[in-house]
Amino acid sequence: MTVCIAGIHEDREGSSLMLICDRRVSLFGGLFSQDGYAKYTQVHRDWVGMFAGSIEETHLMLQEVRRAIGQLKVGSFEKVVKCCRLSYMNVRKRLIETRILPDYDMASYLEFTKATRSDEALYLKIREKITEAEEGWNLLFAGFDNTRTPHIFIVSGPGNVEYCDSQKVAAIGSGAFAALFWISFYGYHSRRSLGELLFGAISAKFFAERAQDVGQTTVVTTIRSDIHGLFHFNDDEIRSIRDAWNGLPKYSEGAVKQLESRMAAAYGLVRHHATK
């Protein structure tokens, strides 16, 4: 699949959003993967949508979000979440009707829901197929509401919304667990310096490359609350950050020597008493 990371930075002058991802996407229902695709799209002047999973399905979802969110007159956070969720659910229903139900001679989602009464075993079998497909439908949204307050949330599964404003960071994709693990170890606090948070989030993407199907190509973008536009890091800048991260020591030489000395003394003491 992939990894997509979004984080919030806050200071006295405003706030920034950081978007980090790879370029690897799943094709043909996950049978193949390929690098070279952008993993996010600007669905609104103030909002970006990122995706993890099959590019065909998630691209349709983001297109629907862009169409619907463009009609919003007031971009309050509640309206944005509702708009994104309804768009996701509309496409989800259409995908189920066109890609799953035909295998069971069903023409509509309504017919599927009625199966709960007519044939529960069939309903549960189809429900399992739908749940399996939903694992490849994950959208992460980051942006600013009409008060220029930053927000991050995830839409996935049957239309579940995961709000991420409290932790100020979120991730989706096969590398999400590894990325969040690294961020937790690094210590993510939204009022740390922007440089520190960027380094932590970017290095989390590098760490997530150890997960299955996370590409090495890295895309880094930031958005500022008082600037309408996206700032992109170039490949040389990202390569420099990777080199710096790879150059960090994996352990403390002083602590290692202390531990070796301690264990040598302990083992020596045991051997001394054993020979008596």
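Just above, that's the structure.
First, a word on scope: everything that follows refers to the structure included in this document. (Residues numbered from 1 in each chain as written. Predicted model: local features only at pLDDT ≥ 70, side-chain atom pairs only at ≥ 80, totals over all residues. Heavy atoms only, no water.)

This brings us to the sheet that holds strand β2 (residues 14-21). Strand order in the open sheet formed by 5 strands is β10-β1-β2-β11-β12, and the pairing between neighbours is antiparallel. Lying at the two open borders of the sheet, with one neighbouring strand each, are β10 (169-172) and β12 (230-232). Pairwise comparison of adjacent strand axes, ignoring direction, gives a mean angle of 20° for this sheet. Where strand β1 (residues 4-11) and β2 come together, 8 bridges link them in antiparallel fashion. (Pairing = 2+ DSSP bridges. Helix = DSSP H or I, 4+ residues; strand = E, 2+ residues; numbered from the N terminus. Axes fitted to C-alpha atoms, helices over the stretch in contact; angles between N-to-C directions.)

Right, let's get into the packing of helix α1 (residues 55-69) against helix α2 (residues 77-99). Each pair of packed helices can be described by the angle between their axes along with the distance between the axes. Interaxial distance between α1 and α2 falls to 8 Å at its minimum, and their mutual angle equals 140°. The angle between the axes of α1 and α2 places the two elements in the oblique class. Seen along the crossing, α1 lies across α2 with a hand that is right-handed. Contacts between α1 and α2 involve Glu 56, Glu 57, Leu 60, Met 61, Glu 64, Val 65, Ala 68 and Ile 69 on the former and, on the latter, Val 80, Cys 83, Cys 84, Ser 87, Tyr 88, Asn 90, Val 91, Arg 92, Leu 95 and Arg 99. (Parallel < 35°, antiparallel > 145°, perpendicular 65-115°, else oblique. Left-handed = near helix turned anticlockwise from the far one by under 90°. Contact = heavy atoms within 4.5 Å.)

As enumerated under the stated definition, the model contains 14 salt bridges in all. Glu 10 is paired through a salt bridge with Lys 168; the nearest N and O atoms lie 3.5 Å apart. On the criterion of sequence distance, the pair formed by Glu 10 in strand β1 and Lys 168 in the loop between β9 (160-163) and β10 is long-range, its members being 158 residues apart. Given a relative accessible area of 17%, Glu 10 falls into the buried group. (Salt bridge = Lys/Arg side-chain N within 4 Å of Asp/Glu carboxyl O. Buried < 20%, exposed > 50% of the residue type's maximum accessible area, 1.4 Å probe, protein only.)

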